[in-house]
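# A closer look at the structure
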Amino acid sequence: MPLRVRQTFTYRLPAALREEARVGARVLVPLGRQLVTAYVVALHDALDPSIEVEESEIKEAEELLDAEPLITPEVLEITRWIADYYAAPWGEVLKAALPAGLNAAFERVLTVTAEGRDELARLPARRAATAKANALRLVAEETEVPLRRLARELGQARAQAAARELERRGWIRIEHRQRTAQARAKRRKAVRLLPVELHENGAARSLTEAQRRVVEALIARGGEALFAELLDESNAGASVVETLARRRVVEVFVRDVRRDPLARAVLPETESLRLTKEQRDALTEIEAAVAGRAYKAFLLHGVTGSGKTEIYIRAMREALRQGRAAMMLVPEIALTPVFSRRLRAHFGDAVAIFHSSLTTGERFDEWSRIKRGEARVVIGTRSAVFAPVGDLGVIVVDEEHESSYRQAESPYYHGRDTAVVRAHRERAVVVLGSATPSLESFHNARTGKYRYLRLARRIADRAMARAEIVDMRSVFARAGRQQPLSEDLLNAVAETHARGEQSIVLLNRRGYSTFVLCRSCGERVQCANCDVTMTYHQRERSLVCHYCDSRQRPPRECPACKGQYIYYVGEGTEQIEEIIRQKFPTLRIARLDRDTTARRRTYEQAILSFAAGELDMLVGTQMIAKGHDFPNVTLVGVVSVDAGLAMPDFRASERTFQLITQVAGRAGRGERGGRVLIQTYHPEHYALRHACAQDYEGFYEEEIRYRKSLSYPPFVSLAALLVRGDDLTKTHALAAELRRALDEANADRSCRVLGPAPAPLARLRGEHRIQLLIKSRSRPRLRAVVDLALADAAARGYDLHAVNVEIDPVNLM
């Protein structure tokens, strides 16, 4: 069931459903006092002896929702693994595996019968005292009433009992209705030409001018067209087509119409590229593994601009040649426009796109094409790992290091690691690609778990971009005040665009100013729901919380001391864009961050316009830092990375190194050399030193020493328990109980338990947050301790719905 429960439930199937029900289908079942959608994960002829319940107590399923199961065996197995490995509710994982629109909610709706109206007429006119009579009167007055409405009037228990009794007496009917719309195929009226032998005698020879235009338009379309489009093209009326249909020249019918996300896309030209020796060697190994039809995992470690994408495409082509399917995962929706067009150019309609930014109809159609086997190449973000594609030959995970592969809400799972397990279970090859592999993946390659493939040089031996650090301490000393953009960066922008080249400016912080400060008393404007300051967004003239999205007008005076000295501190992408526009009014600039790209087409248009040379500069957050290939970009400016380095997270240095290396890789990918300027107040930090030198191995050796000495992954397994609640006292009590239970379960001290302590973000969306961390060198032992502790706390009556369990957490904020 798509509920936050960690168990399966057993139901009896009515005789009418037993032949039709199949594993993977959805059923409606009663759970407590409500009707819920559930997924069939197993079918049994008899009751499992381990279930300690009388057979007569088992409830009956109400309705079978799917004649054809939505969940394929492959997807069912991978969701089972996620639920087990990540301690996630299986029902939530199954729900996440299906595109939005397929998980419709149902409810019971009550309608009065003729017998019920007769009974109502016999009741006294005054308001009846019984719940049964009150329920009947309410249903009769409103024609049809949801059971939840009746429950509000009478109370849940009385409403349930009254409804059952009224239905038993035949006075009302209870039907199951969808509360939310369910995605369906789009159907449109269409026309097709019929074979000549079916025409009425002489029909084809005696056509009017309008009829002839209709027939000619159909011939030009290959014999079939949508009704409305045919009328437009032939400049004819509907009656003309209807006459042709009566004369058996054409047939009017209804057909499914595909909602294609790339229907209007301009596809790039496909090129027959000559591979470098490094590319050929890597591809040879991957193709041999695909042909071997056995599991193998590769870490493709290639510097930016080394041609990893070409290897991906050729590996996918080899899988198709073997009669198998291919899947490509990208970390963000931002990367799908370019990659999906490139794959469509190579593989045509065999490509399906799978991500959350599509419309509900587009998602349904693409998912349906995959399930029917019409699309054998899938590209998408994290959730595409659940695509119902059969016989996978290769899975590509591009930018495998990206934290966005980790689901940030329940059910917690990692798309990259799930892809590796799916490849293993389906005897497929998995290729993890990155210029900056995660430390865990590189460690796996070092220890032989993954086959390591190296692309150390750019295509055509182009030089890596020259990276320089701008010490903002010196900039401050010279200017006597803080400056968002140094003279070095501004001069470099001027020189770059004087040469007709393009530039990218990165600041991984959206908005205009970071926070608002009173200079009289030091008060900062905090979010009422979260322990964070609110960010000023100038375009909408409001303060915004980037966690709960609450908004308020900026104050004219200090809310604490009524002082008038309100100061806006820090800068975001909105302010950087404004400064650059003021300094360079002729530049064509686009800003790309979450504020400007809420609509999918906005982002796509900006990226495609920049690639076509219609823009001079992109200003944005990390979404512009990775995966893109812009040959005319020769300058990248990194405004600040200091906030990222200061995060209280053991992965802060790794993320900063990756971000700088990735964005630096956008420069100098064409014939001209590239330059990268990195502004910082911490120029001596090892992550910055190694990023400037493009020295991954040097960074790895230094960072891995810290991880080992402090017992962090990849040397230990890690679990995080986050306790949430509105009441701080109750939240502390539950956290303390979990610590007690963890200590008892950890009697052999095989795990190290830290906390409870306030999470770095101690309050979010109105909830207090307390964190416990569990480390262990034995993953099975870690899971055993966590599972025993949770079971112990539940047995003592504690509500564990307030506890988030994360195995292998990526973000500890």
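Residues numbered from 1 in each chain as written. Predicted model: local features only at pLDDT ≥ 70, side-chain atom pairs only at ≥ 80, totals over all residues. Heavy atoms only, no water.

Quick look at the sheet that holds strand E31 (residues 803-807) now. The strands making up a sheet associate through hydrogen bonds between their backbones, and the pairing can be parallel or antiparallel. With antiparallel pairing, 4 strands are arranged side by side in an open sheet as E29-E30-E28-E31. Two strands close off the open sheet at either side, each with one partner strand: strand E29 (751-764) and E31. Neighbour to neighbour, the strand axes of the sheet diverge by 20° on average, direction disregarded. The sheet contact formed by E29 and strand E30 (residues 767-776) spans 8 bridges and is antiparallel. Bridged to alanine 757 within E30 is glutamine 771. Sheet strands in contact with helix H26 (residues 779-795) are strand E28 (717-725), E29, E30 and E31, and its direction is about 20° off that of E28. (Pairing = 2+ DSSP bridges. Helix = DSSP H or I, 4+ residues; strand = E, 2+ residues; numbered from the N terminus. Axes fitted to C-alpha atoms, helices over the stretch in contact; angles between N-to-C directions. Contact = heavy atoms within 4.5 Å.)

Let us look at the sheet that holds strand E20 (residues 535-537). The antiparallel open sheet is built from 3 strands, whose spatial order is E20-E21-E22. With partners counted over all chains shown, the strands left at the sheet margins are E20 and strand E22 (551-552), one partner each. With 3 bridges joining them, E20 and strand E21 (residues 542-544) adopt antiparallel strand pairing. Among the inter-strand pairings, histidine 537 is bridged to a residue of E21, identified as serine 542.

Between helix H25 (residues 728-745) and H26, whose axes approach to 8 Å, the crossing angle comes to 130°. With respect to each other, H25 and H26 are oriented oblique. The element H25 and its partner H26 pack so that their crossing is right-handed. Together, Glu737, Leu738, Arg740, Ala741, Leu742, Glu744 and Ala745 of H25 and Arg781, Val785, Val786, Leu788, Ala789, Leu790, Asp792 and Ala793 of H26 make up the contact between the two elements. When grouped by side-chain class, the residues that make up the contact of H25 with H26 number 10 nonpolar, no polar and 5 charged. (Parallel < 35°, antiparallel > 145°, perpendicular 65-115°, else oblique. Left-handed = near helix turned anticlockwise from the far one by under 90°. Nonpolar A, V, L, I, M, F, W, Y, C, P; charged D, E, K, R; others polar.)

Our focus in this paragraph is the pairing of strand E1 (residues 26-31). When you tally the buried positions in E1, you get 6 out of 6 residues, the bulk of the element. Side chains Arg26, Leu28 and Pro30 project from E1 onto one buried face, and the interleaved Val27, Val29 and Leu31 project onto a second face that is buried too. Where E1 meets strand E2 (residues 34-39), 6 bridges bridge the pair, whose relative direction is antiparallel. By the bridge assignment for E2, valine 27 is matched with alanine 38. Where E1 hands over to E2, the hairpin turn is made up of 2 residues, of which glycine 32 adopts a positive phi near 65°. Pairing analysis gives 2 bridges linking E1 to strand E3 (residues 63-64), with the strands arranged antiparallel. Bridged to valine 27 within E3 is leucine 64. (Buried < 20%, exposed > 50% of the residue type's maximum accessible area, 1.4 Å probe, protein only.)

Further remarks concern the pattern of salt bridges. Summed over the entire model, instances satisfying the criterion amount to 68 salt bridges. The partner of arginine 321 in a salt bridge is glutamate 318, and the shortest N-O contact between them spans 3.0 Å. Placement of both arginine 321 and glutamate 318 in helix H12 (residues 308-321) is noted, with a separation of 3 residues, approximately one turn of the helix. Under the relative-accessibility criterion, arginine 321 is labelled exposed at 62%. The partner of aspartate 792 in a salt bridge is arginine 796, with the nearest N and O atoms 2.9 Å apart. Members of the salt-bridge network, linked through shared partners, are Arg258, Asp260, Arg344, Asp349, Glu366 and Arg369. (Salt bridge = Lys/Arg side-chain N within 4 Å of Asp/Glu carboxyl O.)

Turning next to the pairing of strand E7 (residues 186-193). Direction of pairing for E7 relative to strand E9 (residues 250-257): antiparallel, over a ladder of 8 bridges. Across the sheet, residue alanine 190 finds its bridge partner in E9, namely phenylalanine 253. In this sheet, strand E8 (residues 224-226) lies alongside E7 in antiparallel orientation, the contact comprising 3 bridges. Its bridge partner being in E8, alanine 190 is matched across the sheet by leucine 226.

Time to look at empty space enclosed by the protein. Counted under the stated rule, the structure contains 3 cavities of 30 Å³ or more. Roughly 90 Å³ of volume is contained in the largest cavity. Lining the largest cavity are His301, Val303, Thr304, Ala435, Arg454, Met464, Phe657, Thr661, Gln694, Asp695 and Tyr696. Within the lining of the largest cavity, the residues separate by chemical class into 5 nonpolar, 4 polar and 2 charged. What the second largest cavity holds in volume is close to 60 Å³. Counting residues per element, the ones that place at least two in the lining of the second largest cavity are helix H13 (336-347) and helix H20 (600-611). Element by element, the count of residues in the lining of the second largest cavity is highest for H13, at 4 residues. Here the lining of the second largest cavity is composed, by residue class, of 5 nonpolar, 3 polar and 4 charged. (1 Å grid on protein atoms, 1.4 Å probe; cavity = no way out; pocket = protein on both sides within 12 Å on 5 of 7 lines; lining within 4 Å. Points joined across faces, edges and corners; volume = space filled by probe spheres on them.)

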